[in-house]
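Working through the structure, step by step
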Amino acid sequence: MSNKLVYVDGDPFWMTPEGRFEAAELCNGRVVERIMLRTSHGLQILGNTAFLQD
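Residues numbered from 1 in each chain as written. Predicted model: local features only at pLDDT ≥ 70, side-chain atom pairs only at ≥ 80, totals over all residues. Heavy atoms only, no water.

What to know about the sheet that holds strand β2 (residues 11-15)
Read from one edge of the open sheet, three strands run β1-β2-β3, paired in antiparallel fashion. Bordering the open sheet on either side are β1 (4-8) and β3 (21-23), each of which pairs with just one other strand. Here the average twist between neighbouring strands, direction ignored, is 45°. With five bridges connecting them, β1 and β2 associate as antiparallel partners. Bridge assignment links Lys4 to a residue of β2, and that residue is Met15. (Pairing = 2+ DSSP bridges. Helix = DSSP H or I, 4+ residues; strand = E, 2+ residues; numbered from the N terminus. Axes fitted to C-alpha atoms, helices over the stretch in contact; angles between N-to-C directions.)

Encoded structure:
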């Protein structure tokens, strides 16, 4: 299951599979999606990628 982009009061948030809301980063008006790697030591951030939205 993956994160879902939701808007709360007009601000973008990622809703995680666990049900948490994390603020979404914006770059040039576009939402940036974080790439996470699940390891035996927990989640690690791999990098960011532009999330294309029409």
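Observations regarding the confidence of the model for the protein chain
Per-chain confidence: the protein chain averages 77 in pLDDT, with 78% of residues scoring 70 or above. When pLDDT is averaged over each helix and strand of the protein chain, the minimum, 63, is found for strand β6 (residues 42-50) and the maximum, 90, for β1. (pLDDT = per-residue confidence, 0-100.)

A few points about the pairing of β2
By the alternation rule, side chains of β2 split into Pro12 and Trp14, which are all buried, and Asp11, Phe13 and Met15, of which none is buried. Two successive antiparallel strands, β1 and β2, enclose a turn made up of two residues, where Asp9 displays a positive phi of approximately 55°. The pairing of β2 with β3 spans three bridges and is classified as antiparallel. Residue pairing across strands places Trp14 opposite Glu22, the latter belonging to β3. Between β2 and β3, which follow one another and run antiparallel, lie five residues, and Gly19 among them has a positive phi close to 95°. (Buried < 20%, exposed > 50% of the residue type's maximum accessible area, 1.4 Å probe, protein only.)

A few points about the environment of Pro12
Tracing the backbone shows Pro12 in strand β2. Among the residues examined, Pro12 registers a relative accessible area of 12% and is labelled buried. Note: C-alpha distance between Pro12 and Glu25 (13 residues apart in sequence) is 8.1 Å. Beyond its immediate stretch of four places on either side in the chain, Pro12 contacts Leu5, Val6, Tyr7, Ala23, Ala24, Leu26 and Val31. (Contact = heavy atoms within 4.5 Å.)

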